[in-house]
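# A closer look at the structure
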Amino acid sequence: MPNSSSVSEFLLLALADTRQLQLLHFWLLLGIYLAALLGNGLISTAVACDHRLHTPMYFFLLNLALLDLGCISTTLPKAMANALWHTRAISYAGCAAQVFFFLFFLAAEYSILTIMSYDRYVAICKPLHYGTLLGSRACATMAAAAWGTGLPNAVLQTANTFSLPLCQGNAVDQFFCEIPHILKLSCSESYLREVGLLLFSVCLAVGCFVFIVVSYVQIFRAVLRMPSEQGRHKAFSTCLPHLAVVSLFLSTGMVAYLKPPSISSASLDLVVSFLYSVVPPTVNPVIYSMRNQKLKDALWKVMTKYILKAMNCPSLSMLDL
(Lines give C-alpha, C1' and ligand atoms only; values in the text may rest on other atoms or scores of the structure.)
Protein backbone atom coordinates (compact mmCIF):
# COMPACT_ATOMS: atom_id res chain seq x y z
CA MET A 1 0.00 0.00 0.00
CA PRO A 2 1.26 3.55 -0.71
CA ASN A 3 2.46 5.76 2.07
CA SER A 4 2.94 9.52 2.34
CA SER A 5 6.49 9.34 1.00
CA SER A 6 5.33 7.70 -2.24
CA VAL A 7 2.28 9.93 -2.86
CA SER A 8 3.18 12.74 -5.26
CA GLU A 9 -0.38 13.76 -6.09
CA PHE A 10 -3.98 13.29 -4.98
CA LEU A 11 -7.06 12.56 -7.07
CA LEU A 12 -10.01 14.82 -6.32
CA LEU A 13 -13.62 13.79 -6.75
CA ALA A 14 -14.88 14.17 -10.32
CA LEU A 15 -17.91 16.43 -10.51
CA ALA A 16 -19.39 14.47 -13.42
CA ASP A 17 -18.80 11.32 -15.45
CA THR A 18 -19.42 12.64 -18.95
CA ARG A 19 -17.51 15.36 -20.78
CA GLN A 20 -20.65 17.40 -21.45
CA LEU A 21 -21.57 17.49 -17.77
CA GLN A 22 -18.00 18.41 -16.83
CA LEU A 23 -18.12 21.42 -19.15
CA LEU A 24 -21.54 22.34 -17.74
CA HIS A 25 -20.09 22.22 -14.22
CA PHE A 26 -17.16 24.36 -15.36
CA TRP A 27 -19.43 27.13 -16.65
CA LEU A 28 -21.63 26.89 -13.54
CA LEU A 29 -18.64 27.17 -11.21
CA LEU A 30 -17.19 29.99 -13.30
CA GLY A 31 -20.46 31.93 -12.99
CA ILE A 32 -20.53 31.44 -9.22
CA TYR A 33 -16.87 32.41 -8.89
CA LEU A 34 -17.28 35.57 -10.97
CA ALA A 35 -20.37 36.52 -8.95
CA ALA A 36 -18.40 36.12 -5.71
CA LEU A 37 -15.47 38.12 -7.11
CA LEU A 38 -17.79 40.88 -8.31
CA GLY A 39 -19.84 41.10 -5.11
CA ASN A 40 -16.95 41.04 -2.66
CA GLY A 41 -14.78 43.18 -4.94
CA LEU A 42 -17.46 45.86 -5.19
CA ILE A 43 -17.98 45.92 -1.43
CA SER A 44 -14.23 46.19 -0.82
CA THR A 45 -13.91 49.02 -3.34
CA ALA A 46 -16.97 50.88 -2.04
CA VAL A 47 -15.82 50.73 1.59
CA ALA A 48 -12.28 51.75 0.68
CA CYS A 49 -13.30 54.65 -1.58
CA ASP A 50 -16.37 56.13 0.12
CA HIS A 51 -15.43 58.22 3.17
CA ARG A 52 -18.98 57.81 4.55
CA LEU A 53 -18.24 54.11 5.04
CA HIS A 54 -15.04 54.66 7.01
CA THR A 55 -16.58 53.39 10.24
CA PRO A 56 -15.77 50.28 12.34
CA MET A 57 -18.75 48.30 11.03
CA TYR A 58 -17.77 48.78 7.39
CA PHE A 59 -14.07 48.32 8.16
CA PHE A 60 -14.82 44.84 9.49
CA LEU A 61 -17.13 44.23 6.51
CA LEU A 62 -14.19 45.05 4.23
CA ASN A 63 -12.11 42.43 6.03
CA LEU A 64 -14.95 39.91 5.71
CA ALA A 65 -15.18 40.55 1.96
CA LEU A 66 -11.41 40.05 1.53
CA LEU A 67 -11.55 36.79 3.51
CA ASP A 68 -14.49 35.59 1.42
CA LEU A 69 -12.48 36.29 -1.73
CA GLY A 70 -9.56 34.30 -0.34
CA CYS A 71 -11.74 31.41 0.81
CA ILE A 72 -13.56 30.86 -2.48
CA SER A 73 -10.36 31.42 -4.49
CA THR A 74 -8.75 28.54 -2.61
CA THR A 75 -11.25 25.90 -3.73
CA LEU A 76 -13.08 26.84 -6.92
CA PRO A 77 -10.26 27.64 -9.41
CA LYS A 78 -8.75 24.15 -9.11
CA ALA A 79 -12.19 22.52 -9.39
CA MET A 80 -12.89 24.59 -12.51
CA ALA A 81 -9.52 23.72 -14.03
CA ASN A 82 -10.04 20.00 -13.41
CA ALA A 83 -13.52 20.12 -14.95
CA LEU A 84 -12.23 22.03 -17.99
CA TRP A 85 -9.16 19.89 -18.60
CA HIS A 86 -10.85 16.56 -17.80
CA THR A 87 -8.55 15.62 -14.93
CA ARG A 88 -8.76 14.90 -11.21
CA ALA A 89 -5.14 15.41 -10.19
CA ILE A 90 -3.75 17.90 -7.68
CA SER A 91 -0.12 17.84 -6.61
CA TYR A 92 0.90 16.92 -3.06
CA ALA A 93 2.17 20.47 -2.46
CA GLY A 94 -0.95 21.93 -4.09
CA CYS A 95 -3.18 19.87 -1.82
CA ALA A 96 -1.24 20.96 1.27
CA ALA A 97 -1.47 24.60 0.15
CA GLN A 98 -5.20 24.25 -0.41
CA VAL A 99 -5.72 22.82 3.09
CA PHE A 100 -3.55 25.53 4.65
CA PHE A 101 -5.19 28.51 2.96
CA PHE A 102 -8.73 27.17 3.37
CA LEU A 103 -8.22 26.68 7.11
CA PHE A 104 -6.51 30.05 7.40
CA PHE A 105 -9.31 31.99 5.70
CA LEU A 106 -12.03 29.99 7.46
CA ALA A 107 -10.61 30.58 10.96
CA ALA A 108 -9.92 34.26 10.26
CA GLU A 109 -13.44 34.74 8.90
CA TYR A 110 -14.98 33.18 12.00
CA SER A 111 -12.87 35.51 14.15
CA ILE A 112 -13.98 38.55 12.12
CA LEU A 113 -17.63 37.52 12.50
CA THR A 114 -17.09 37.25 16.25
CA ILE A 115 -15.53 40.74 16.34
CA MET A 116 -18.43 42.08 14.26
CA SER A 117 -20.85 40.83 16.94
CA TYR A 118 -18.83 42.79 19.50
CA ASP A 119 -19.03 45.86 17.25
CA ARG A 120 -22.84 45.58 17.16
CA TYR A 121 -22.95 45.01 20.93
CA VAL A 122 -20.96 48.17 21.65
CA ALA A 123 -22.92 50.23 19.09
CA ILE A 124 -26.30 49.30 20.62
CA CYS A 125 -25.56 48.59 24.28
CA LYS A 126 -22.75 51.11 24.91
CA PRO A 127 -23.24 53.83 22.25
CA LEU A 128 -21.57 56.55 24.36
CA HIS A 129 -18.35 54.50 24.53
CA TYR A 130 -18.39 53.42 20.87
CA GLY A 131 -15.71 55.87 19.74
CA THR A 132 -13.47 54.94 22.67
CA LEU A 133 -13.82 51.16 22.52
CA LEU A 134 -13.74 50.97 18.74
CA GLY A 135 -11.30 53.66 17.69
CA SER A 136 -9.19 53.28 14.57
CA ARG A 137 -6.26 51.74 16.45
CA ALA A 138 -8.50 49.29 18.32
CA CYS A 139 -10.21 48.23 15.08
CA ALA A 140 -6.89 47.71 13.32
CA THR A 141 -5.60 45.66 16.25
CA MET A 142 -8.71 43.46 16.37
CA ALA A 143 -8.65 42.90 12.59
CA ALA A 144 -4.95 41.99 12.72
CA ALA A 145 -5.66 39.59 15.59
CA ALA A 146 -8.48 37.97 13.58
CA TRP A 147 -6.20 37.40 10.59
CA GLY A 148 -3.45 36.24 12.93
CA THR A 149 -5.60 33.60 14.63
CA GLY A 150 -5.98 31.81 11.33
CA LEU A 151 -2.23 31.33 10.92
CA PRO A 152 -1.30 29.03 13.86
CA ASN A 153 -4.46 27.00 13.38
CA ALA A 154 -3.72 26.48 9.68
CA VAL A 155 -0.03 25.70 10.28
CA LEU A 156 -0.70 23.13 13.02
CA GLN A 157 -3.59 21.43 11.22
CA THR A 158 -1.78 21.25 7.88
CA ALA A 159 1.54 20.09 9.38
CA ASN A 160 -0.15 17.35 11.41
CA THR A 161 -2.34 16.15 8.56
CA PHE A 162 0.45 15.85 6.02
CA SER A 163 2.88 14.26 8.49
CA LEU A 164 0.59 11.24 8.79
CA PRO A 165 1.51 8.13 6.78
CA LEU A 166 -1.03 7.40 4.06
CA CYS A 167 -2.05 3.77 3.69
CA GLN A 168 -5.35 3.95 1.79
CA GLY A 169 -4.34 5.28 -1.64
CA ASN A 170 -4.53 8.87 -2.89
CA ALA A 171 -8.18 9.35 -3.95
CA VAL A 172 -9.85 12.20 -2.02
CA ASP A 173 -13.65 11.93 -2.10
CA GLN A 174 -14.14 15.69 -2.31
CA PHE A 175 -13.82 18.43 -4.95
CA PHE A 176 -11.05 20.07 -2.90
CA CYS A 177 -8.52 18.85 -0.34
CA GLU A 178 -10.30 18.64 2.99
CA ILE A 179 -8.82 17.26 6.21
CA PRO A 180 -11.54 14.69 7.10
CA HIS A 181 -11.21 13.07 3.67
CA ILE A 182 -7.41 13.07 3.82
CA LEU A 183 -7.57 11.44 7.26
CA LYS A 184 -9.52 8.59 5.67
CA LEU A 185 -6.38 7.82 3.66
CA SER A 186 -4.13 7.62 6.74
CA CYS A 187 -3.18 4.53 8.69
CA SER A 188 -5.93 3.76 11.22
CA GLU A 189 -3.62 3.92 14.24
CA SER A 190 -1.84 7.16 13.36
CA TYR A 191 -4.53 9.83 13.15
CA LEU A 192 -5.40 10.24 16.85
CA ARG A 193 -3.26 13.35 17.38
CA GLU A 194 -4.94 15.04 14.42
CA VAL A 195 -8.34 14.21 15.88
CA GLY A 196 -7.17 15.73 19.18
CA LEU A 197 -6.10 18.90 17.37
CA LEU A 198 -9.44 19.06 15.61
CA LEU A 199 -11.21 18.78 18.96
CA PHE A 200 -9.09 21.67 20.27
CA SER A 201 -10.15 23.76 17.26
CA VAL A 202 -13.78 22.81 17.93
CA CYS A 203 -13.44 24.07 21.51
CA LEU A 204 -12.15 27.43 20.24
CA ALA A 205 -15.02 27.57 17.74
CA VAL A 206 -17.51 26.87 20.52
CA GLY A 207 -15.95 29.69 22.54
CA CYS A 208 -16.51 32.13 19.67
CA PHE A 209 -20.05 30.83 19.26
CA VAL A 210 -20.83 31.42 22.94
CA PHE A 211 -19.41 34.95 22.67
CA ILE A 212 -21.66 35.69 19.66
CA VAL A 213 -24.74 34.27 21.40
CA VAL A 214 -24.10 36.24 24.61
CA SER A 215 -23.52 39.43 22.58
CA TYR A 216 -26.83 39.05 20.78
CA VAL A 217 -28.72 38.23 23.95
CA GLN A 218 -27.50 41.55 25.35
CA ILE A 219 -28.30 43.31 22.07
CA PHE A 220 -31.87 42.01 21.91
CA ARG A 221 -32.46 42.90 25.55
CA ALA A 222 -31.25 46.46 24.89
CA VAL A 223 -33.29 46.80 21.70
CA LEU A 224 -36.51 45.59 23.32
CA ARG A 225 -36.08 48.22 26.05
CA MET A 226 -35.92 51.04 23.49
CA PRO A 227 -39.01 53.28 23.77
CA SER A 228 -38.98 54.30 20.10
CA GLU A 229 -40.23 51.87 17.45
CA GLN A 230 -38.08 53.64 14.88
CA GLY A 231 -35.03 53.12 17.09
CA ARG A 232 -35.79 49.43 17.48
CA HIS A 233 -36.24 49.05 13.73
CA LYS A 234 -32.93 50.81 13.01
CA ALA A 235 -31.08 48.70 15.57
CA PHE A 236 -32.50 45.45 14.20
CA SER A 237 -31.73 46.48 10.61
CA THR A 238 -28.03 46.91 11.46
CA CYS A 239 -27.88 43.53 13.23
CA LEU A 240 -29.92 41.29 10.92
CA PRO A 241 -27.38 41.11 8.05
CA HIS A 242 -24.60 40.06 10.42
CA LEU A 243 -26.89 37.59 12.17
CA ALA A 244 -27.89 36.10 8.80
CA VAL A 245 -24.24 35.75 7.71
CA VAL A 246 -23.26 34.13 11.03
CA SER A 247 -26.23 31.74 10.84
CA LEU A 248 -25.33 30.74 7.28
CA PHE A 249 -21.67 30.27 8.18
CA LEU A 250 -22.35 28.17 11.29
CA SER A 251 -25.28 26.13 9.98
CA THR A 252 -23.49 25.00 6.83
CA GLY A 253 -20.32 24.24 8.81
CA MET A 254 -22.24 22.23 11.42
CA VAL A 255 -24.04 20.23 8.77
CA ALA A 256 -20.71 19.50 7.09
CA TYR A 257 -18.84 18.34 10.19
CA LEU A 258 -21.53 17.13 12.59
CA LYS A 259 -23.76 15.05 10.32
CA PRO A 260 -24.06 11.37 11.37
CA PRO A 261 -21.62 9.03 9.57
CA SER A 262 -24.54 6.69 8.84
CA ILE A 263 -26.01 9.15 6.31
CA SER A 264 -22.69 10.02 4.74
CA SER A 265 -22.19 9.44 1.00
CA ALA A 266 -19.97 10.89 -1.71
CA SER A 267 -22.77 12.88 -3.32
CA LEU A 268 -24.11 14.19 0.01
CA ASP A 269 -20.61 15.16 1.18
CA LEU A 270 -20.09 17.02 -2.10
CA VAL A 271 -23.32 19.01 -1.72
CA VAL A 272 -22.66 19.82 1.95
CA SER A 273 -19.06 20.91 1.34
CA PHE A 274 -20.25 23.09 -1.53
CA LEU A 275 -22.80 24.70 0.78
CA TYR A 276 -20.28 25.71 3.44
CA SER A 277 -17.26 26.53 1.24
CA VAL A 278 -18.86 28.23 -1.78
CA VAL A 279 -22.33 29.52 -0.87
CA PRO A 280 -21.42 31.88 2.05
CA PRO A 281 -18.69 33.83 0.17
CA THR A 282 -21.08 34.21 -2.77
CA VAL A 283 -24.22 35.35 -0.95
CA ASN A 284 -22.64 37.40 1.87
CA PRO A 285 -22.37 40.55 -0.30
CA VAL A 286 -26.05 40.17 -1.22
CA ILE A 287 -27.08 39.79 2.41
CA TYR A 288 -25.16 42.86 3.54
CA SER A 289 -26.25 45.13 0.68
CA MET A 290 -29.92 44.05 0.61
CA ARG A 291 -31.16 46.24 3.48
CA ASN A 292 -28.29 48.74 3.73
CA GLN A 293 -29.16 51.88 1.76
CA LYS A 294 -25.85 53.59 2.52
CA LEU A 295 -23.90 50.61 1.16
CA LYS A 296 -26.19 50.34 -1.88
CA ASP A 297 -25.64 54.02 -2.66
CA ALA A 298 -21.86 53.56 -2.40
CA LEU A 299 -21.98 50.45 -4.61
CA TRP A 300 -24.08 52.26 -7.20
CA LYS A 301 -21.65 55.18 -7.17
CA VAL A 302 -18.66 52.86 -7.69
CA MET A 303 -20.34 50.94 -10.53
CA THR A 304 -21.53 54.10 -12.26
CA LYS A 305 -18.11 55.70 -11.96
CA TYR A 306 -16.30 52.77 -13.55
CA ILE A 307 -18.93 52.32 -16.28
CA LEU A 308 -18.67 56.00 -17.24
CA LYS A 309 -14.90 55.81 -17.07
CA ALA A 310 -14.90 52.81 -19.41
CA MET A 311 -17.13 54.76 -21.80
CA ASN A 312 -14.94 57.88 -21.48
CA CYS A 313 -18.04 59.82 -20.53
CA PRO A 314 -17.52 63.53 -19.59
CA SER A 315 -20.15 63.16 -16.85
CA LEU A 316 -17.55 61.31 -14.78
CA SER A 317 -16.37 64.55 -13.20
CA MET A 318 -19.84 65.13 -11.75
CA LEU A 319 -19.60 61.90 -9.73
CA ASP A 320 -16.46 63.07 -7.99
CA LEU A 321 -18.18 66.20 -6.66
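Residues numbered from 1 in each chain as written. Predicted model: local features only at pLDDT ≥ 70, side-chain atom pairs only at ≥ 80, totals over all residues. Heavy atoms only, no water.

## Examining the nonpolar core
Counting 86 residues, the largest nonpolar core has F10, F60, L64, L76 and L295 as its most contacted members. At 18 residues, the largest contribution of residues to this core is made by helix α3 (residues 92-125). Every residue in contact with L76, bar those within four places of it in the chain, is listed here: L29, I32, Y33, F175 and V278. (Core = buried A, V, L, I, M, F, W, Y, C linked by side-chain atoms within 4.5 Å. Buried < 20%, exposed > 50% of the residue type's maximum accessible area, 1.4 Å probe, protein only. Helix = DSSP H or I, 4+ residues; strand = E, 2+ residues; numbered from the N terminus. Contact = heavy atoms within 4.5 Å.)

## Observations regarding the confidence of the model for the chain
Chain-level statistics for the chain give a pLDDT mean of 85 and a share of 91% at 70 or above. Within the model, pLDDT remains below 50 along residues 1-5, and this stretch shows 10 contacts once partners closer than five positions in the same chain are excluded. (pLDDT = per-residue confidence, 0-100.)

## What to know about the packing of aromatic side chains
Applying the stated criterion across every chain yields a total of 19 aromatic pairs. When the ring of F175 is compared with that of F274, the centres are 6.4 Å apart and the planes differ by 50°; the resulting orientation is tilted. Here F175 is found in the loop between α5 (136-161) and α6 (179-183), whereas its partner F274 is found in helix α9 (residues 266-277), with 99 residues between them in sequence. According to the relative accessible area criterion, F274 is partly exposed, its value standing at 24%. Within the aromatic cluster, the residues linked to one another by ring pairs are F100, F101, F104, F105 and W147. (Phe/Tyr/Trp six-rings, centres within 6.5 Å; stacked < 30°, edge-to-face > 60°.)

## Overview of the environment of L258
Tracing the backbone shows L258 in helix α8 (residues 229-258). In this structure L258 comes out as exposed when scored by relative accessible area, which is 64%.

## Concerning the pattern of salt bridges
Per the stated rule, a full pass over the model turns up two salt bridges. Here R52 and D50 are joined by a salt bridge, their closest N and O atoms 2.9 Å apart. In this structure, R120 and D119 form a salt bridge, with 2.9 Å as the shortest nitrogen-oxygen distance. Take R120 and D119: they sit in the same class, and that class is buried. (Salt bridge = Lys/Arg side-chain N within 4 Å of Asp/Glu carboxyl O.)

## Quick look at helix α2 (residues 56-85)
Compared with the 44 Å implied by 1.5 Å per residue over 30 residues, the 44 Å span of α2 between its first and last C-alpha is a close match. If you look at α2, its biggest bend is around 35°, right at S73, and the proline P77 turns up within four residues after that. Within α2, 22 of the 30 residues are buried, leaving the element largely enclosed by the surrounding structure. Directly after α2, the chain includes H86, whose backbone phi takes a positive value near 55°. (Expected span 1.5 Å × (residues − 1). Bend = angle between axes of the 7 residues up to and from the residue.)

## Some words on the environment of Y92
Within the element layout of this structure, Y92 appears in helix α3. Separated by 15 residues in the primary sequence, Y92 and A107 place their C-alpha atoms 23 Å from one another.

## Comments concerning unusual backbone geometry
Trans peptide bonds make up the majority, and among non-glycine residues the majority have a negative phi. Even without being glycine, H86 reaches a positive phi, approximately 55°. Considering the arrangement of structural elements, one finds H86 in the loop between α2 and β2 (89-91).

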